[in-house]
Amino acid sequence: DAGVIQSPRHEVTEMGQEVTLRCKPISGHDYLFWYRQTMMRGLELLIYFNNNVPIDDSGMPEDRFSAKMPNASFSTLKIQPSEPRDSAVYFCASSLSGAGEQYFGPGTRLTVT
Amino acid sequence: AQSVTQLGSHVSVSEGALVLLRCNYSSSVPPYLFWYVQYPNQGLQLLLKYTSAATLVKGINGFEAEFKKSETSFHLTKPSAHMSDAAEYFCAVRGASGNTPLVFGKGTRLSVIA
């Protein structure tokens, strides 16, 4: 298996622009997680899905952030409008069960200028 | 409630020395415990996991961890550090129910000095 795939790997954008991050989970995994990692706040769980349905989005920082999972093999995390404080590495992970080990993608490094 | 405490945000060891990274947990259910490693500019990678079988768990790259219920600990060790072990290490505990996600610690950065 190719593992969790994320794109793009790097994104540089200007404040106010829309940013879309993409994730393809491991085939057969029913759970998908989005995380944000910064030096100041560490690793934060933003939202997770089970069978394409959002289960808990309490970690989404603001209404500017939204996530969708239109099918079992694709998810997006959108930031609109983006702000400099959104600069971080965003990880997608997937797992067979909610409480089981998660498999992480390589991350998307987002820089908002 | 599920929680993990990693003692020491940064640990520095000499090459060839023992590596000991500490993790204490709190869990309202029988715990499943995990150690992940994150190399620079990469995602988290599973090192090893404890799921109620043997209390001494062996992982990749010569790492192992011992589950001690009486101490609520799951410390990660490696007998001899290598330069390539320099990374961030995260301890995690499973969620309180079958559908709640892992709870991660804040991570420990391991530096290896030549």
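As shown above, the structure is provided for reference.
Residues numbered from 1 in each chain as written. Chains lettered and ligands numbered in written order. Predicted model: local features only at pLDDT ≥ 70, side-chain atom pairs only at ≥ 80, totals over all residues. Heavy atoms only, no water.

### Looking at the sheet that holds strand S7 (residues 64–68) of chain B
All names here are of chain B. Read from one edge to the other, the open sheet built from 5 strands follows the order S1-S3-S8-S7-S6, with strand pairing classed as antiparallel. Sheet topology places strand S1 (3–7) and strand S6 (56–58) at the edges, where each strand pairs with a single neighbour. Strand-to-strand twist in this sheet, taken as the mean axis angle between neighbours without regard to direction, amounts to 20°. Here S6 pairs with S7 via 3 bridges, running antiparallel. Of the residues in S7, the one forming a bridge with Leu56 is Glu66. (Pairing = 2+ DSSP bridges. Helix = DSSP H or I, 4+ residues; strand = E, 2+ residues; numbered from the N terminus. Axes fitted to C-alpha atoms, helices over the stretch in contact; angles between N-to-C directions.)

### Considerations on unusual backbone geometry
Geometrically, the link from Ser7(A) to Pro8(A) is a cis peptide bond, its omega value of -10° lying close to zero. Mapping Pro8(A) onto the fold places it in the loop between strand S1 (5–7) and strand S2 (10–13). Cis rather than trans, the peptide bond between Gln80(A) and Pro81(A) has omega equal to -5°. Although it is not a glycine, Asn52(A) sits at a positive phi angle of roughly 75°. Of note, Asn52(A) is situated in the loop between strand S5 (42–50) and strand S6 (53–56). Phi is positive for Asn61(B), close to 60°, though the residue is something other than glycine.

### Digging into the sheet that holds strand S8 (residues 74–79) of chain A
Remark on secondary structure: sheet strands pair via backbone hydrogen bonds, oriented parallel or antiparallel. All names here are of chain A. Read from one edge to the other, the open sheet built from 4 strands follows the order S1-S3-S8-S7, with strand pairing classed as antiparallel. What marks the edges here is a single partner per strand, and that holds for S1 and strand S7 (65–71). Taken pair by pair, the neighbouring strands of this sheet meet at an average axis angle of 15°, ignoring direction. Taken together, the 3 bridges between S1 and strand S3 (residues 19–24) define a ladder with antiparallel strand orientation. Along S3, the bridge assignment pairs Gln6 with Cys23.

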